[in-house]
Amino acid sequence: MDSYKPQDFKQFLNRRKIKDQVAHGLIVGLSVVTILPVILIISKLLIEGIGQISFNFILETPPDSYEAMTAVALGDKIPRGIANGITGTLLMVTVASVMAIPTGILTGIYLYENPGSLKAGLTRNVTEILQGVPSIVLGLISYLWVVKHITNGFSALAGSISLAIMMLPMIVKTTEETFKMISPSIKEAALALGVPYYKVLVRVMIPTGFSGLLTGILIGISRILGETAPLLLTALGSSQINLNITEPVSAIPLLIWEFYNDPNMVELIWSSSLLLMGIILILNLTARKVAFRTVK
Amino acid sequence: MNNIITIKNPVLSIHDLYVSYEKGKYAVKNVSVDIKRNSVTAIMGPSGCGKSTLLRAVNRMHELYATIQTKGSIILNGRDIYQMPAIQVRRLAGMVFQRPNPFPTMSIYENVIAGFKLNGINLKKAQRDEIVERSLRDVTLWEEVKDVLYKKGSFLSGGQQQRLCIARALAFNPEIILLDEPTSALDPIATSKIEDLLVKLKEHYTILMVTHNMSQAARMSDYSMFMYLGELVEYGKTKDMFTRPKDRRTEEYLTGKFG
């Protein structure tokens, strides 16, 4: 065997330095690749869309094709806005939340309370499968159940139900995880004071885990805000502002789809996307902010 | 059994208590014991000997395990606790846990009054103030927190938090206070404060505590129980038990041969 020479060690160190630099470069480079699309998307939306955003954009319904065509031909901005989409989205997200939040929280509590039970295990697995169901399939199901049999036509209710099913697994999961993070001794302390179980849940556990639950809810909402596929089959769309849940309504993502398909209106996709993205971004940032106030 | 002394006019008496978590396996076996009013009684024994289960059987907190089975009777101030609703029992027997566990969303004031608040018992402001002040004075915390009553309890030090938890248990004026290793998560100074406090509290309350710490039992308890494998091996005055243990197992435990 050759004897060990100091210069070997120097060579070895040099090789290692190069490897280090390559690895470092790769990590930085790939991180940039990851965040680059977000920056590009947001800047594109800002550049193309900000010009359209005004009070009218939020308060008025879209122009018809002819109006839009005339405006484009004259080199003007397309007039009016997407108020029907904003109200439709708000309506459906609200109804979906009213359905999904209590159901999800109660299911999450059930899973937390029965970690080892067979029924809870089954529920947990089914919830996970539900999370993986493609949204278009949820739209189809809601079409079959609600559009065909309950509202006898396209409706906000049908849209809300498909959105509620979409956000349900997320709320179940975050409820269970949040409650698991709360020290069991907090629950014991309340029970040892002779507090009935349901009051322990409502007055101690839910307030203690409030920020966690809120984070889950906000992320759930921001997830369904941009959903388009199930709405095509359920809410259908409407050119009017409509707050009746048994009637068809529009939604911001539905409008984006419609604008995309109408050559005269295509300019509006950017401002609509910018608004939608802005709402989702604000919700996500709020969710992050409340998540940091976790319970000790 | 001559290793177990009898007590006249006890506040709590346990008769032939058996508790099992699994069928055929007993965590507490055939325990019969009387607890003297206005005294500190320590329950000692190696890990897994059933001391916490015995303590929790007194306020029926052990029933949180779905599979639990209990036989025997526990009489608290003349009333059989298994003949009344569990939530009522828990208001008569206050409990303090190993780790301080003030409610994190509540202020110090609300923590003390939590038993009333969470149970929906409405009190006038003056009554609430009185209970909060009395309970905090009882645990010698009043002077330290009287200016920050509306701050969250979680800002206090560990020892202060544990005294707050004792105050929370005292607010109901319980017949007995159950403590499950109340100082095991605290530093020596906080521990000695709690010990002094418990000795003082026995003027008005009866204290039953589980402890892992033999010298703590020797320092502050009037009576001691020694449990082993679910059975009550010996029960007597602490002084007698530490100087002349009657059972060989007690002696071996106290001299550090096992445990």
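Everything below is about the structure shown above.
Residues numbered from 1 in each chain as written. Chains lettered and ligands numbered in written order. Predicted model: local features only at pLDDT ≥ 70, side-chain atom pairs only at ≥ 80, totals over all residues.

(A) Local environment of the overall build of chain B. Per the secondary structure count, chain B includes 11 helices and 10 strands. Against the 2.2 N^0.38 benchmark of 18 Å for 259 residues, chain B shows a C-alpha radius of gyration of 18 Å, consistent with a compact globule. C-alpha atoms of chain B, sized along the principal axes, occupy 55 × 40 × 35 Å. Put simply, chain B has 259 residues, and 47% of those count as buried. For chain B, the share of sequence-separated contacts (at least 6 apart) that also reach a separation of at least 24 residues comes to 70%. (Helix = DSSP H or I, 4+ residues; strand = E, 2+ residues; numbered from the N terminus. Rg over C-alpha atoms; globule rule 2.2 N^0.38 Å. Buried ≥ 20, exposed ≤ 12 C-beta atoms within 10 Å, placed from the backbone. Contact = placed C-beta atoms within 7 Å.)

(B) The arrangement of the overall build of chain A in detail. Each helix and strand counted, chain A has 13 helices and zero strands in total. In chain A, the succession of helices and strands from N to C terminus is α-α-α-α-α-α-α-α-α-α-α-α-α. A globule of 296 residues ought to have a C-alpha radius of gyration of about 19 Å, yet chain A, at 26 Å, is considerably larger. The C-alpha extent of chain A, read off along each of the three principal axes, is 85 × 65 × 35 Å.

(C) Quick look at the sheet that holds strand β5 (residues 79-80) of chain B. Ordered by their spatial adjacency, four strands build an open sheet running β2-β1-β4-β5 (chain B), and the pairing between neighbours is antiparallel. Of all strands in the sheet, those with a lone pairing partner are β2 (25-35) and β5 of chain B, marking the two edges. (Pairing = 2+ DSSP bridges.)

(D) Expanded view of helix α10 (residues 210-225) of chain A. All names here are of chain A. For α10, built from 16 residues, the straight-helix expectation of 22 Å at 1.5 Å per residue is met to within 8% by its first-to-last C-alpha distance of 22 Å. Looking at α10, one finds that the buried residues are G212, L213, T215, G216, I217, L218, G220, I221, S222, I224 and L225. Each element contacted by the buried residues of α10 is listed here: α4 (83-113), α7 (156-181), α9 (197-208) and α13 (268-291). (Expected span 1.5 Å × (residues − 1).)

(E) View of the sheet that holds strand β6 (residues 93-96) of chain B. Residues and elements named next belong to chain B. Spatially, six strands are ordered β6-β7-β8-β3-β9-β10 in an open sheet, and the strand pairing comes out mixed. Each having just a single partner strand, β6 and β10 (231-237) make up the two edges of the open sheet. The mean inter-strand angle of the sheet, taken between neighbouring strand axes irrespective of direction, is 20°. In this sheet, β10 lies alongside strand β9 (residues 223-228) in antiparallel orientation, the contact comprising six bridges. What sits directly across from F226, in β10, is E234. Across the face of the sheet, helix α7 (residues 158-170) comes into contact with β6 and β7 (176-180) while running at roughly 170° to β6. (Axes fitted to C-alpha atoms, helices over the stretch in contact; angles between N-to-C directions.)

(F) Representation of the interface of chain B and chain A in the model. Listed as interface residues are 19 residues of chain B and, on the opposing side, 19 residues of chain A. If you list the elements that add at least two residues to the side of chain B that touches chain A, you get α2 (86-92) and α4 (114-118) of chain B. No other element matches α2(B), which puts four residues into the side of chain B that touches chain A. Classifying every residue of the side of chain B that touches chain A by side-chain character gives nine nonpolar, seven polar and three charged. (Nonpolar A, V, L, I, M, F, W, Y, C, P; charged D, E, K, R; others polar.)

(G) The arrangement of the environment of A:L90 in detail. All names here are of chain A. With respect to the element layout, L90 can be found in helix α4. What makes L90 partly exposed here is the crowd of 16 C-beta atoms within 10 Å. It is 18 Å that separates the C-alpha atoms of L90 and W257, two residues lying 167 residues apart in sequence.

(H) Representation of the packing of helix α1 (residues 6-49) of chain A against α13(A). Residues and elements named next belong to chain A. Look at α1 against α13: their axes get within 8 Å of each other, and the N-to-C directions meet at 130°. In terms of axis orientation, α1 runs oblique to α13. Two packed elements cross with a definite hand, and for α1 against α13 that hand is left-handed. Here I42, L45, L46, E48 and G49 of α1 come into contact with α13, specifically with W270, S271, S273, L274 and M277. (Parallel < 35°, antiparallel > 145°, perpendicular 65-115°, else oblique. Left-handed = near helix turned anticlockwise from the far one by under 90°.)

(I) Region of interest: the pairing of β7(B). Residue and element names in this part refer to chain B. Of all the five residues making up β7, five are buried; the element is thus mostly covered by neighbouring parts of the structure. Residue alternation in β7 divides its side chains into two sets, I176, L178 and D180 and I177 and L179, and both sets are buried. The pairing of β6 with β7 spans four bridges and is classified as parallel. Bridging from a neighbouring strand, V96 pairs with L179 of β7.

(J) Region of the structure containing the nonpolar core. Core analysis: the biggest nonpolar cluster contains 86 residues, and B:I43, B:A167, B:L178 and B:M227 have the highest contact counts within it. What B:A167 contacts, discounting residues up to four positions off in sequence, is B:V112, B:S135, B:L136, B:D138, B:V139 and B:L141. Listed in part, the 54 residues of the second largest apolar core include A:I82, A:A158, A:I165 and A:W270. (Core = buried A, V, L, I, M, F, W, Y, C linked by C-beta atoms within 7 Å.)

(K) Highlighting unusual backbone geometry. Positive phi outside glycine occurs at A:N152, with the angle close to 45°. Here A:N152 shows up in the loop between α6 (135-149) and α7.

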